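Fold and geometry: a report
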Amino acid sequence: MSLLAHSRPEVCAPRGDEYLADVLAGPAHAGYANLDHAASAPALDAVVAELAVALPEYASVHRGAGRLSQITTARYEDARATVADFVRARHDDSVVFTRNTTDSLNLLASVVPGDTVVLDVEHHANLLPWTRSGRRVVRCRDTLAETLAALEAELHRAPAALLAVTGASNVTGEVLPVRELADIAHAAGARILVDAAQLAPHRAISMAGLGIDHLVFSGHKLYAPFGCGVLVGRSDWLDAAEPYLLGGGASLDVAPDESVRWQTGPSRHEGGSPNVLGAVAIAAACRAITEFGFDRLGVHDHDLRTHLDAGLDAIPGVRRLTLFADDDLDRVGIAAFTVDGHSPREVAEHLADRGIGVRDGRFCAHPLMHRVGAPDGAVRASFGIGTHIEEIDRLLAALVELTA
């Protein structure tokens, strides 16, 4: 059965033991090749099916005695538990549902009791909010080892409450060594926050095993639409801070003199009616990806990525972007590149005219784009569970046509 919603039921001919066509979506549509998963990934069949069940029974959560309210509350809280299992959270970690990764990071930034250290190559969502807690920006170095040393030196130079890093770059796809970064942060008395917006759809995450104190990601990049994200992590900062959204749900009791006792736990920061269907969608995606298996997903990622890299490197005038000079770093299914003599928008429009969807621009990571020598932007191709090698070949053929 296809994992992707609205895909054709046929399967591609196998390309060897590691090719996953028998469990992925049907072959690429002749009319469109979606290579923009890093922006928003298409919904999985399991997500659509779960929503089809939940929608007719949808009601408000937590304070209703009626049957539908009880059912919806159970689904919402089950989604919280499913997310915790998906990222292997500790038993006492909080799971707070938010609007998206940006919202999650702004929430955490509002509760951090001290300085936050961050690299200059982060997505703006993991760069700009930390000004609220005292942001200290470390310049990324040429190699990963040099960058880790610079972070370690900064953390030991002056006390910091938090090290905030991406799990995988939204521009180049390069994966950072989270366990090593966690050890560096903890040795300096800081916590670590991992922006897993691009990591979670591609790699298994164990917060407990990797030493991650706080983790954020978005549903819409995890094959789950409806504008919902999560913040998972230690609850003490969250319980000690003022509620993120003041209103019903966050308040435990409001006295006649308007003095307020606030909730503790996730409800403290989920004021108002939550995005129940968004949470249900995320949980369904977590279950479907887990069932599919991260080992198989990793093989699929690797096969498509190496095929794409080799094809891009063989086209004159095409330059792939990388953060580090290291040639042995893991990468998720993202590749950004420039084409000599053509603006990123020109390249993207050429591809769009041929039914290939990519992203162009600066990807909400402007300092990073300066660092990699593409201050005016680049083109980004990104893929996921339902992508087929034929779609990669279509992209490469279109680029050959453009540069001929």
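Quick summary incoming for the structure in this document.

How each quantity is defined
Residues numbered from 1 in each chain as written. Predicted model: local features only at pLDDT ≥ 70, side-chain atom pairs only at ≥ 80, totals over all residues. Heavy atoms only, no water. Helix = DSSP H or I, 4+ residues; strand = E, 2+ residues; numbered from the N terminus. Rg over C-alpha atoms; globule rule 2.2 N^0.38 Å. Buried < 20%, exposed > 50% of the residue type's maximum accessible area, 1.4 Å probe, protein only. Contact = heavy atoms within 4.5 Å. Areas by Shrake-Rupley, 256 points an atom, 1.4 Å probe, with all protein chains shown as cover. Lys, Arg positive; Asp, Glu negative; His and termini not counted. Charge placed at Lys NZ, Arg CZ, Asp CG, Glu CD. Core = buried A, V, L, I, M, F, W, Y, C linked by side-chain atoms within 4.5 Å. Pairing = 2+ DSSP bridges. Axes fitted to C-alpha atoms, helices over the stretch in contact; angles between N-to-C directions. Expected span 1.5 Å × (residues − 1).

**As for the overall build of the protein chain**
Scanning the protein chain from terminus to terminus reveals 12 helices and 15 strands. In terms of overall dimensions, the protein chain is globule-like: its C-alpha atoms have a radius of gyration of 22 Å, near the 22 Å expected for 404 residues. Across the 404 residues in the protein chain, those meeting the buried criterion constitute 57%. Considering only residue pairs separated by 6 or more positions, the protein chain has 68% of its internal contacts joining residues 24 or more positions apart. If you sum the accessible surface of the protein chain, you get close to 16500 Å²; carbon and sulfur atoms cover 52% of it. One finds the centroid of the 35 positive side-chain charges in the protein chain at a distance of 3 Å from the centroid of its 53 negative side-chain charges.

**Let's talk about the nonpolar core**
With 85 residues, the main nonpolar core has Val83, Val87, Leu163, Leu215, Phe217, Ile289 and Met369 as its most contacted residues. The greatest single-element share of this core, amounting to 13 residues, is contributed by helix H8 (residues 276-292). The residues contacting Leu163, other than those within four sequence positions of it, are Val117, Leu151, Leu155, Leu181, Ala185, Arg191, Ile192 and Leu193. Residues Ala33, Leu308, Ile389 and Leu402 belong to the second largest nonpolar core, which totals 25 residues.

**Examining the sheet that holds strand S15 (residues 378-382)**
Pairing in this open sheet of four strands is antiparallel, and the strands run S11-S12-S15-S14 from one edge to the other. Each of the sheet's edge strands pairs with one partner strand only, and the pair in question is strand S11 (318-320) and strand S14 (359-361). Looking at each pair of strands side by side, their axes are set apart by 30° on average, direction ignored. Two elements, strand S12 (residues 334-339) and S15, share four bridges in a ladder whose sense is antiparallel. The residue of S15 that forms the bridge with Ala336 is Arg380. On top of the sheet, helix H10 (residues 344-353) reaches S12, S14 and S15; it is set at about 165° to S14, its chief contact.

**Considerations on the side chain of Thr101**
Inspection of the secondary structure assignment puts Thr101 in helix H3 (residues 101-109). Under the relative-accessibility criterion, Thr101 is labelled buried at 6%. Not counting residues within four places of it along the chain, the set of residues in contact with Thr101 comprises Asp195, Ala197, Val216, Phe217 and Ser218.

**Side note on H8**
The first and last C-alpha atoms of H8 sit 24 Å apart over 17 residues, in line with the 24 Å expected at 1.5 Å per residue. Across the 17 residues of H8, 14 count as buried, placing the element largely inside the fold. Where H8 ends, the next residue or the one after it, Gly293, has phi of about 105°, a positive value.

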